[in-house]
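Chain and residue survey
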Amino acid sequence: MDDAARCPCLSGLPYGECCGPLHSGARAAGTAEALMRSRYSAFAVGDAPHLLQTWHPTTRPASLSLDESQQWRRLDVLATRGGGPFDDDGEVEFVATFRSGAGSSVRGRLHERGQLHEVSRFVREGGRWFYVDGDVAG
Ligand SMILES: [Zn+2]
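In this report, we go over the structure that sits alongside the text. Since the structure is predicted, the reported quantities are computational estimates derived from the model, not experimental observations.

Quick look at the overall build of the protein chain
- Check the secondary structure of the protein chain and you find 3 helices and 4 strands.
- From first element to last, N terminus to C terminus, the protein chain shows the α and β order α-α-α-β-β-β-β.
- On C-alpha atoms alone, the protein chain measures out to a radius of gyration of 15 Å, which is about the 14 Å that the 2.2 N^0.38 rule sets for 138 residues.
- Considering only C-alpha atoms, the protein chain reaches an extent of 50 × 35 × 30 Å along its principal axes.
- Long-range pairs, those at least 24 residues apart, make up 45% of the contacts in the protein chain between residues at least 6 apart in sequence.
- Split by element, the accessible area of the protein chain, about 7,600 Å² in all, is 48% carbon and sulfur.
- Taking the 15 positively charged and 18 negatively charged side chains of the protein chain as two groups, their mean positions are separated by 5 Å.

Focus: helix α2 (residues 32–45)
- Here α2 contains 14 residues, and its C-alpha end-to-end distance of 20 Å stays within 8% of the 20 Å for a straight helix at 1.5 Å per residue.
- Within α2 the residues assigned to the buried category are Ala 32, Leu 35, Met 36, Arg 37, Ser 38, Arg 39, Tyr 40, Ser 41 and Ala 42.

Details of the coordination of the zinc ion
- For the zinc ion, every protein donor is listed as Cys 7 (SG), Cys 9 (SG), Cys 18 (SG) and Cys 19 (SG), and the spread of their distances is 2.2 to 2.4 Å.
- One way to put it: the 4 donor atoms around the zinc ion meet at angles of 102 to 115°, and that makes the site tetrahedral.
- Donor residues for the zinc ion sit on one chain with the sequence pattern C-x1-C-x8-C-C. Of the two residues, Cys 7 sits in the segment before α1 (20–24) while Cys 18 sits in the segment before α1, which places them 11 residues apart along the sequence.

Topic: the packing of aromatic side chains
- By the definition in use, this model includes 5 aromatic pairs.
- Plain terms: the ring middles of Tyr 40 and Trp 72 are 6.1 Å apart, the flat faces sit at 85° to each other, and that makes the pair edge-to-face. Taken together, the residues span a long stretch of sequence, with Tyr 40 in helix α2 and Trp 72 in strand β1 (residues 70–82) at a distance of 32 residues. The same class applies to Tyr 40 as to Trp 72, namely buried.

Examining unusual backbone geometry
- You will see that Leu 10, though not glycine, has its phi angle at about 65°, which is positive.
- One can find Leu 10 in the segment before α1.
- Judged by its relative accessible area of 33%, Leu 10 is partly exposed.

Brief notes about the nonpolar core
- Core analysis: the biggest nonpolar cluster contains 21 residues, and Cys 7, Cys 9, Cys 19, Met 36, Tyr 40, Leu 75 and Phe 122 have the highest contact counts within it.
- Elements that contribute at least two residues to this core include exactly α2, β1, β2 (89–100) and β4 (128–136).
- Leave out the neighbours within four places in its chain, and Tyr 40 touches Pro 8, Cys 9, Trp 72, Arg 73, Arg 74, Leu 75, Ala 96 and Thr 97.

So, the side chain of Ser 120
- As for its position among the elements, Ser 120 is in strand β3 (residues 112–125).
- In terms of polar contacts, Ser 120 uses its side chain to reach the side chain of Glu 118, at 2.7 Å.
- Those residues in contact with Ser 120 that sit more than four places away from it in its chain are Gly 90, Glu 91, Val 92, Phe 94, Tyr 131, Asp 133 and Gly 134.

Conventions we followed
Residues numbered from 1 in each chain as written. Predicted model: local features only at pLDDT ≥ 70, side-chain atom pairs only at ≥ 80, totals over all residues. Heavy atoms only, no water. Helix = DSSP H or I, 4+ residues; strand = E, 2+ residues; numbered from the N terminus. Rg over C-alpha atoms; globule rule 2.2 N^0.38 Å. Contact = heavy atoms within 4.5 Å. Areas by Shrake-Rupley, 256 points an atom, 1.4 Å probe, with all protein chains shown as cover. Lys, Arg positive; Asp, Glu negative; His and termini not counted. Charge placed at Lys NZ, Arg CZ, Asp CG, Glu CD. Expected span 1.5 Å × (residues − 1). Buried < 20%, exposed > 50% of the residue type's maximum accessible area, 1.4 Å probe, protein only. Donors = N, O, S within 2.8 Å, 3.2 Å for Na, K, Ca; no water. Tetrahedral: all angles 85-135°; square planar, octahedral: opposite > 155°, others 65-115°. Phe/Tyr/Trp six-rings, centres within 6.5 Å; stacked < 30°, edge-to-face > 60°. Core = buried A, V, L, I, M, F, W, Y, C linked by side-chain atoms within 4.5 Å. Polar contact = N/O pair within 3.5 Å; in protein donor to acceptor, adjacent residues only side chain to side chain.

This is how it looks when you write it as structure tokens:
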């Protein structure tokens, strides 16, 4: 992904100043929301290693394969609880909007639009934020 392009998390910043350095490992997320945004962007750019590295070891899947036909179009962060630089845990409520592409056409659902509304839980250990799990809301 081009560092100068608009970050997929729609922060308004270029990728190279937002989620890019988190994906490359140049910088760790300072807040739960920043980690949540970087994980959303990782789905958008197909960065499975970043998703696994930021998943808490107790809930992390052994492997992860991303559905390349699923295009992540929009992220709206609705609310955060905790998750700041001086917190050890936090929650982020968000809606992620996606479009299923050609992969769904076999089931006759070409370009279906969907939304994921989730409250995600995060913990901070050793100075790093990790995604623990989430509840589908709404
Ligand atoms: Zn971003």
